[in-house]
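Inside the fold
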Amino acid sequence: MKISEAATASGCHLETIRYYERIGLLPGPVRTGNGYRVYGHHDVARLRFITRGRELGFSLSEIRDLMRLAEDPDLSCGDVDRLARHHLAEIRERQAELQRMAQELERTIADCCGGRRGTCAILSGLQTPAKPV
């Protein structure tokens, strides 16, 4: 299949497919005599794997590690489990940080009395250091 068909089948934008080829996440495809890229079902499966990993927030480096682990049938899934647990801990850390940010922004917005820009609590809040948690 052509790159546009692989993009449709995998849910991955065609420019992203080219990028994944450039960085080595996806092997360079076979090319036809006129230079068109030709992709197979294995390529589409790999693109789906990468796309799903990105949807779950894994970095490209982590996805590369996961693909390396997926390609070795003799490995225990313990390494995959450790990587996934570490990633989940990072997500929870980011959630907590986002919650702190939302609370601070809510507080700043609540302090706004709708006055003039010179007395704007929101702009003033951006100029002062955050309160310790």
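In what follows, the structure referred to is the one given above.
Residues numbered from 1 in each chain as written. Predicted model: local features only at pLDDT ≥ 70, side-chain atom pairs only at ≥ 80, totals over all residues. Heavy atoms only, no water.

Of note, Glu21 is situated in helix α2 (residues 14-22). Once you skip the residues sitting within four places of it in the chain, Glu21 turns out to touch Leu26, Pro27, Pro29, Arg37 and Tyr39. (Helix = DSSP H or I, 4+ residues; strand = E, 2+ residues; numbered from the N terminus. Contact = heavy atoms within 4.5 Å.)

On to helix α1 (residues 3-10), then. Of all the positions in α1, only Ile3, Ala6, Ala7 and Ser10 are classed as buried. Along the axis of α1, the buried positions cluster into a sector of 100°, meaning they face one direction only. Check the buried side of α1 and you find it contacts α2, β2 (37-38) and α3 (41-55). Where α1 terminates, the next one or two residues include Gly11, which has phi positive at roughly 80°. (Buried < 20%, exposed > 50% of the residue type's maximum accessible area, 1.4 Å probe, protein only. Arc of directions from axis to C-beta.)

Ranked by internal contacts, the top residues of the largest apolar core, which has 18 residues, are Ile17, Tyr20, Leu25 and Ile63. Only α1, α2, α3 and α4 (60-70) provide two or more residues apiece to this core. Contacts of Tyr20, omitting those with residues within four sequence positions, involve Cys12, Leu25, Leu26, Leu47, Ile50, Arg54 and Leu60. (Core = buried A, V, L, I, M, F, W, Y, C linked by side-chain atoms within 4.5 Å.)

Attention shifts here to helix α5 (residues 78-111). Compared with an ideal rise of 1.5 Å per residue, which puts 34 residues at 50 Å, α5 spans 50 Å between its outermost C-alpha atoms and is within 8% of the ideal. Along α5, the positions that sit buried rather than exposed are Leu83, His87 and Thr108. (Expected span 1.5 Å × (residues − 1).)

By the element assignment, Leu66 lies in helix α4. Relative accessible area serves as the criterion here: at 12%, Leu66 is assigned to the buried category. For Leu66 and Cys120, which are 54 residues apart along the polypeptide, the C-alpha to C-alpha distance reads 49 Å. Excluding residues that lie within four positions of it along the chain, Leu66 makes contacts with Phe49, Phe58, Val80 and Leu83.

Let us look at the packing of aromatic side chains. Here the structure, examined in full by the defined rule, presents one aromatic pair. Measuring from centroid to centroid gives 6.0 Å for Tyr19 and Tyr20, while their planes differ by 50°, and the two rings are tilted. Here Lys2 stacks its cationic end above the ring of Tyr36, 5.2 Å away from the centre of that ring. (Phe/Tyr/Trp six-rings, centres within 6.5 Å; stacked < 30°, edge-to-face > 60°. Lys NZ or Arg CZ within 6 Å of the ring centre and 35° of its normal.)

When two helices pack together, their arrangement is given by the angle between the helix axes and by the axis-to-axis distance. In the contact formed by α1 and α3, the axes pass within 9 Å of each other and the chain directions differ by 50°. Considering their axes alone, α1 and α3 lie oblique with respect to each other. Note on packing geometry: the crossing formed by α1 with α3 is right-handed. On the side of α1, the interface is formed by Ala6, Ala9 and Ser10, while α3 contributes Val44, Leu47, Arg48 and Thr51. (Axes fitted to C-alpha atoms, helices over the stretch in contact; angles between N-to-C directions. Parallel < 35°, antiparallel > 145°, perpendicular 65-115°, else oblique. Left-handed = near helix turned anticlockwise from the far one by under 90°.)

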